[in-house]
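Observations on chain architecture
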Amino acid sequence: MKPIYITIVGGGFGGIYTLKKFNKIFNKNSNIHITLVSENNYFLFTPLLHEVATGGINPQNIIEPIKKFLGSSLNTLYVGKVTNIDIKNSKIETRNRYWDYDYLVLAPGAETNFFNTPGAEENCFTLKSLEDAIKIKNHCITLIDKASFISSREERKNILRFVIIGGGPTGVELASELEEFLKQTFLRYYTKDLIDDISVVIIQKDSELLVQLSKPLREKSLKILQKNGVEVILNALVNKVTKDGIEFNNKSLKTNTAIWVAGVKPINISFSPSISLENNGRLKVNQYLQLDQYSNVYALGDISGAKEDNGIFIPMLAQVATREANIVAENIKNQIEDKTLKPFIYKNIGTLISLGRWMAVGEISHFIMSGHFTWFVWRTIYLSKLISWQKKVKVAIDWTINIFSERDISKL
Ligand SMILES: Cc1cc2nc3c(=O)[nH]c(=O)nc-3n(C[C@H](O)[C@H](O)[C@H](O)COP(=O)(O)OP(=O)(O)OC[C@H]3O[C@@H](n4cnc5c(N)ncnc54)[C@H](O)[C@@H]3O)c2cc1C
């Protein structure tokens, strides 16, 4: 059998879980050569980014070196950005080199979508990478310190207004943790007067938060957030962001901290010749997750335009990318062995959202839950999803320490 070259683009959930599955199913097959190309040399566990941004978890504890997953000596990691895919000639290009592939797995994920809102990209923080989370934490620390030297309460209130644009799961979890971080941790170091001037605001374009949850949970989440002190402004479409504030519905709100978590769009990779995209920019795939015209190219995770039977796009979630990864790896093996391919069938296994202060809400298999026990389930599930036992232990230690003492406010 002649050697087979497989390239995976992206070292996130889709890419790493595909590699892990390949390691299992090819089991040191000396004909299979796998190259993983990713911008970073680490895998990032995005679901806990908001806890890094708010001092709850050490940044190092939610990343894993990709080298750890390589498995066989026939696997290679190339740290770099894919700049073009010559899909007709099965060649992949980065800035410094190019190589041929027999099979290609595309999992480069998504990036923040600012929906062309003027000033948003220039003036907003985002929460997609480890650097983003560290930037937010450092900025909070700087701002509170700056405000402590200002005597005008009005000016202080404007500086200490933290605005989160987007009321989906990321916005809600970030707002909850931010509220706890700013109002509890900093109370140890600054006066109560100053802490009372802090506000955390969620701006949401829809009439409710967390539109993917059922009605009772949406209402409950709103009540919990408001009880915890988070201000929620609904039906507010942000149409401009400046360095001093945001504008929506003909109103303006002063802030030095606008965090944009209002949406993502698939990474735009250049293909020659160009290929078919869905109207939301995701790659057109069939039920086996193969690109329409190229059966040796698979797309999964946030970039994949996989749909449910009713034609609705499958959500951009880590839990989806990891399950798609199993199907992609198995289908490539089946294709090599001339066997029948398996379709990807999406099943929503549930959603859990942490609301800070020992509170969470969620739905698992249509079972609605909320409260302290749900929060405990949320933590247990996320801990179990971290890949290595070392990081599970480290995050568990961070969480335990946070119960008994304040969070870390060192700037990184
Ligand atoms: C703050 C936050 C919280 C989230 N919380 C949850 C959650 O609780 N539950 C859940 O299920 N999902 C959650 N998600 C969504 C989840 O992270 C994504 O759906 C998932 O990461 C998608 O996997 P992926 O492999 O497609 O992309 P990613 O995991 O983003 O991986 C893409 C990788 O490709 C690399 N890359 C990009 N472009 C190139 C290129 N040109 N060349 C080489 N490499 C490239 C990137 O650097 C990255 O390493 C969250 C996302 C965010 C941002």
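For every chain, the first residue of its written sequence is number 1, and the numbers climb from 1 along that sequence. Whole-chain, interface and lining totals are the exception, using all residues; otherwise, since this is a predicted model, local features are given only for residues with pLDDT of at least 70 and side-chain atom pairs are given and counted only at 80 or more. The side-chain quantities take in all heavy atoms of the structure and omit both hydrogens and water.

The protein chain goes by NADH:ubiquinone reductase (non-electrogenic) in an unreviewed UniProt entry. UniProt positions are given in the numbering used here, feature names are shortened, and annotations may be inferred rather than shown by experiment. Heading Sequence similarities (unreviewed entry) of the UniProt record for the protein chain holds this comment: "Belongs to the NADH dehydrogenase family." Annotation of the protein chain in UniProt includes, under Catalytic activity (unreviewed entry), the sentence "a quinone + NADH + H(+) = a quinol + NAD(+)".

1. Thoughts on the site of the ligand
In the region of the ligand, 28 residues are neighbours, and Gly-14, Thr-46, Val-82, Asp-302 and Tyr-382 sit closest. What qualifies as a polar contact is a pair of N or O atoms within 3.5 Å, subject to a donor-acceptor requirement within protein and to the restriction that residues adjacent in sequence count only when both atoms come from side chains. Between Met-316 and the ligand, the recorded distance is 3.3 Å, taken from a backbone N or O atom to an oxygen atom. The contact in question runs from an oxygen atom of the ligand to an N or O atom on the backbone of Gln-319, over 3.2 Å. If the ligand stood free it would expose 1,000 Å²; the protein chains cover 88% of that surface. Among the elements that take part in the shell around the ligand, helix α9 (residues 318–336) stands out by supplying three residues, more than any other. Across the shell around the ligand, the residue classes tally to 13 nonpolar, eleven polar and four charged. Mapping the shell around the ligand onto the domain boundaries places at least three of its residues in each of domain 1 (4–39 + 80–112 + 264–336) and domain 2 (120–262 + 350–404). Nearness is defined per residue: one heavy atom within 4 Å of the molecule or strand is enough. Note that accessible areas follow from Shrake-Rupley with a 1.4 Å probe, and for residues the cover is restricted to the protein chains shown. Put simply, DSSP H or I for four residues or longer makes a helix, DSSP E for two residues or longer makes a strand, and each gets a number counted from the N terminus. Residues are sorted three ways: Asp, Glu, Lys and Arg are charged, Ala, Val, Leu, Ile, Met, Phe, Trp, Tyr, Cys and Pro are nonpolar, and all the rest, Gly among them, are polar. Just so you know, the domain bounds were taken from an automatic or database domain assignment.

2. Points about the packing of helix α1 (residues 13–26) against α9
Their axes nearest at 8 Å, the elements α1 and α9 cross at an angle of 40 degrees. In this view, α1 runs oblique relative to α9, as classed from their interaxial angle. The crossing of α1 and α9 is right-handed. Between α1 and α9, the contacting residues are Phe-13, Gly-14, Tyr-17, Thr-18, Lys-21, Phe-22, Ile-25 and Phe-26 on the first element and Ala-318, Ala-321, Thr-322, Ala-325, Asn-326, Val-328, Ala-329, Glu-330, Ile-332, Lys-333 and Ile-336 on the second. Taken together, the residues that form the contact of α1 with α9 break down as twelve nonpolar, four polar and three charged. Lines fitted to the C-alpha atoms define the axes, with helices restricted to the stretch that makes contact. Angles between their N-to-C directions range from 0 to 180 degrees. Roughly parallel means an angle under 35 degrees; roughly antiparallel means over 145; roughly perpendicular covers 65 to 115; every other angle is labelled oblique. Definitions for this section: a left-handed crossing has its near helix turned counterclockwise from the far helix by less than a right angle. A right-handed crossing has that turn clockwise. Contacts are assigned to residue pairs with any non-hydrogen atoms lying within 4.5 Å of each other.

3. What about the pattern of salt bridges?
Counted as salt bridges are all cases of a side-chain nitrogen of Lys or Arg within 4 Å of a carboxyl oxygen of Asp or Glu. Scanning the model with the defined rule gives 21 salt bridges in all. Linking Glu-330 and Lys-21 is a salt bridge whose minimum nitrogen-to-oxygen distance equals 3.4 Å. Taken together, the residues span a long stretch of sequence, with Glu-330 in helix α9 and Lys-21 in helix α1 at a distance of 309 residues. Note on accessibility: Glu-330 and Lys-21 belong to one class, buried. Between Lys-215 and Glu-219 there is a salt bridge, with its nearest N and O atoms 3.7 Å apart. Note on classification: 1.4 Å probe, protein chains only; a residue is buried when its accessible area is under 20% of the maximum for its type, exposed when over 50%, partly exposed between these limits.

4. Re the sheet that holds strand β2 (residues 32–38)
A pair of strands is considered paired only if DSSP assigns at least 2 bridges between the two. Pairing is parallel in the open sheet, where five strands are placed in the order β5-β2-β1-β9-β21. The two strands at the open ends of the sheet, each matched to only one other strand, are β5 (75–79) and β21 (297–299). Between one strand axis and the next, the sheet turns through 15 degrees on average, direction left out of account. Packing of α9 onto the sheet brings it into contact with β1 (4–9), β2, β9 (103–106) and β21, and relative to β9 it is tilted by some 170 degrees.

5. Side note on the nonpolar core
Joining through side-chain atoms within 4.5 Å is the link that ties buried Ala, Val, Leu, Ile, Met, Phe, Trp, Tyr and Cys residues into a set, and such a set is a nonpolar core. Membership of the largest hydrophobic core comes to 118 residues, with the highest contact counts inside it found for Ile-6, Leu-48, Ile-85 and Leu-182. Looking at which domains feed residues into this core, each of domain 1 (4–39 + 80–112 + 264–336) and domain 2 (120–262 + 350–404) gives three or more. For Ile-85, the contacting residues outside a window of four places in its chain are Lys-91, Ile-92, Tyr-101, Leu-104, Leu-106, Ile-269, Ser-270, Phe-271 and Ser-272. Judged by nonpolar contacts, the second largest core, of 16 residues, contains Ile-165, Val-201, Val-238 and Phe-248.

6. Quick look at the domain arrangement of the protein chain
Splitting the protein chain by domain gives domain 1 (4–39 + 80–112 + 264–336) and domain 2 (120–262 + 350–404). Each side of the interface is counted separately: domain 1 has nine residues, and domain 2 has six residues. Carbon and sulfur atoms make up 54% of the area that domain 1 and domain 2 hide from each other, which totals about 510 Å². Run the count over domain 1 and domain 2 and you get zero salt bridges. Here domain 1 and domain 2 share two residue pairs in polar contact (both at pLDDT 80 or more) between them. At the level of elements, α1 and β10 (110–112) are the ones that each hand at least two residues to the side of domain 1 that touches domain 2. Taken together, the residues that form the side of domain 1 that touches domain 2 break down as four nonpolar, two polar and three charged. Summed over both partners, the accessible surface that disappears when two parts come together, traced with a 1.4 Å probe, is what is meant by buried area.

7. Observations concerning the pairing of strand β12 (residues 161–165)
With respect to burial, β12 is a largely interior element, five of its five residues being buried. Neither face of β12 is exposed, since Arg-161, Val-163 and Ile-165 on one face and Phe-162 and Ile-164 on the opposite face are all buried. Alignment of β12 against strand β13 (residues 199–203), held across five bridges, turns out to be parallel. Across the sheet, the residue bridging to Ile-164 is Ile-202, located in β13. Here four bridges tie β12 to strand β18 (residues 257–260), and the two strands are oriented parallel to one another.

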